[in-house]
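Commentary on secondary and tertiary structure
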Amino acid sequence: MKEICAYMDRSWLERLKPEFEKPYMRRLETFLGQEIADGKTIFPPFDKTFNALCCTPFEEVKVVIMGQDPYHGAGQAHGLSFSVQPGVPVPPSLQNIYKELSSDIGFVSPNHGTLLGWAKQGVLLLNATLTVREGEPRSHYGRGWEEFTDRIVQLLAERQDPLVFILWGKSAYEKWRHVAPQRTASHHLVLTSPHPSPLSAHAGFFGCRHFSKTNHFLEKAGKKMIDWNLS
């Protein structure tokens, strides 16, 4: 585990280093080692496990978009929630995100699903679970990653400058409620809606206008708005 910390920005490593000495992280390391020994394929590649924490330094975070766990198909996951690597077809949930962007801000859907451009502007694309077994969604759930990402959310919630937390789906909202009670994070903007999955997008994700609301909040806070366009 310590080897892949080299792929984490120093600003995050300084704050998260104590986590790697805790029992839950040692159990997680043992579990991942056993997965490899058993011949399991794990996504994303280990050098991309902390990609969200590499692309968006702590001090530069303005927006957090919470996902659940990485895509479990070959070649898809690269450590950024909802994003896929170049050349990979755009997954259904991300297609719905593009549709909402289009109706909200006049976004023109690109021919790719890589969200690195958002990450470079201060959008932390964080999954609650950072690894997954090929073809088995949620297969690494409950193994320790959730405690690690709880700490990430907690550190951000404790910041005094206002941030935007975009929480799609019940699991993302419950994570926020567990880690950051309203009394300690009332200066942040928390946006919630159903998940953009085809199973739930029509229950309230479409029409949520989270992208324009985010930029309106950032502008009022004196921060540079996010250019959501990816073309």
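See above for the structure.
A brief structural summary. Nothing here was measured: the structure is a model prediction, and the numbers come from that model.

W12, I65, W118, L124, F148 and L156 are the most contacted members of the largest nonpolar core, which totals 70 residues. The leading source of residues in this core is helix α6 (residues 145-157), at seven residues. Aside from chain neighbours lying at most four places away, what touches L124 is W12, A52, L53, T56, V61, V63, V64, I65, I152 and L156.

Of all the positions in helix α8 (residues 210-220), only H210, F211, T214, N215 and L218 are classed as buried. Buried residues of α8, seen end-on, are gathered within an arc of 130° and therefore sit on one face of the element. Those residues of α8 hidden inside the fold are in contact with β2 (63-67), α4 (92-105), α5 (116-119), β5 (164-168) and β6 (189-193). Immediately downstream of α8, the backbone of G222 shows phi near 80°, a positive value.

Now for the pairing of β2. Most of β2 sits inside the fold, with five of its five residues counted as buried. With burial as the criterion, each face of β2 is covered, one bearing V63, I65 and G67 and the other bearing V64 and M66. In the sheet, β2 pairs with strand β3 (residues 123-127) via five bridges, with the strands oriented parallel. Opposite V64, over in β3, you have L124 as the bridge partner. Inspection of the sheet shows β2 paired to β5 by four bridges, in the parallel sense. Bridge pairing in β5 places M66 opposite L167.

So, on to unusual backbone geometry. At the junction of F43 and P44, the peptide bond is cis and its omega measures out at -5° in the coordinates. As for its placement among the helices and strands, P44 is situated in the loop between β1 (42-43) and α3 (51-55). For F82, which is not a glycine, the phi torsion comes out positive at approximately 70°. Within the element layout of this structure, F82 appears in the loop between β2 and α4. Judged by relative accessible area, F82 falls into the buried class, the value being 9%.

Once that is clear, we can look at the pairing of β3. In terms of burial, β3 is a largely internal element, five of the five residues being buried. The alternating pattern of β3 places V123, L125 and N127 on one face and L124 and L126 on the opposite face, and all of these are buried.

Further remarks concern the packing of aromatic side chains. Evaluated as defined, the whole model comprises 15 aromatic pairs. Taking 6.2 Å as the distance between ring centres and 50° as the angle between the ring planes, the aromatic pair formed by W118 and F211 counts as tilted. Of this pair, W118 sits in helix α5 while F211 sits in helix α8; the two residues are 93 residues apart in sequence, bridging distant segments of the chain. You'll find W118 and F211 in the same group, each marked buried. Among the aromatic residues, those joined into a ring-pair cluster are F82, W118, W168, F205, F206, F211 and W228. Over the ring of Y141 we find R138; its NZ or CZ atom is 4.0 Å from the centre of that ring. A cation over a ring is seen here: R159 above F58, with NZ or CZ 5.3 Å from the ring centre.

Okay, the packing of α6 against helix α7 (residues 170-179) next. It is at 9 Å that the axes of α6 and α7 come closest, and there the two elements cross at 65°. α6 and α7 meet at a crossing whose hand is right-handed. Where α6 approaches α7, its residues E146, T149, D150, V153, Q154 and A157 are matched on the opposing element by K175, W176, H178 and V179. Of the residues belonging to the contact of α6 with α7, the class tally is four nonpolar, three polar and three charged.

Moving on, we get to the sheet that holds β2. The strands making up a sheet associate through hydrogen bonds between their backbones, and the pairing can be parallel or antiparallel. The four strands lie next to each other as β3-β2-β5-β6, forming an open sheet whose pairing is parallel. For this open sheet the edge positions go to β3 and β6, each flanked by a neighbour on one side alone. When strand polarity is set aside, the average angle formed by the axes of neighbouring strands in this sheet is 15°. Taken strand by strand, α7 contacts β2, β5 and β6, and its axis lies near 135° from that of β5.

Rules used in this analysis
Residues numbered from 1 in each chain as written. Predicted model: local features only at pLDDT ≥ 70, side-chain atom pairs only at ≥ 80, totals over all residues. Heavy atoms only, no water. Core = buried A, V, L, I, M, F, W, Y, C linked by side-chain atoms within 4.5 Å. Buried < 20%, exposed > 50% of the residue type's maximum accessible area, 1.4 Å probe, protein only. Helix = DSSP H or I, 4+ residues; strand = E, 2+ residues; numbered from the N terminus. Contact = heavy atoms within 4.5 Å. Arc of directions from axis to C-beta. Pairing = 2+ DSSP bridges. Phe/Tyr/Trp six-rings, centres within 6.5 Å; stacked < 30°, edge-to-face > 60°. Lys NZ or Arg CZ within 6 Å of the ring centre and 35° of its normal. Axes fitted to C-alpha atoms, helices over the stretch in contact; angles between N-to-C directions. Left-handed = near helix turned anticlockwise from the far one by under 90°. Nonpolar A, V, L, I, M, F, W, Y, C, P; charged D, E, K, R; others polar.

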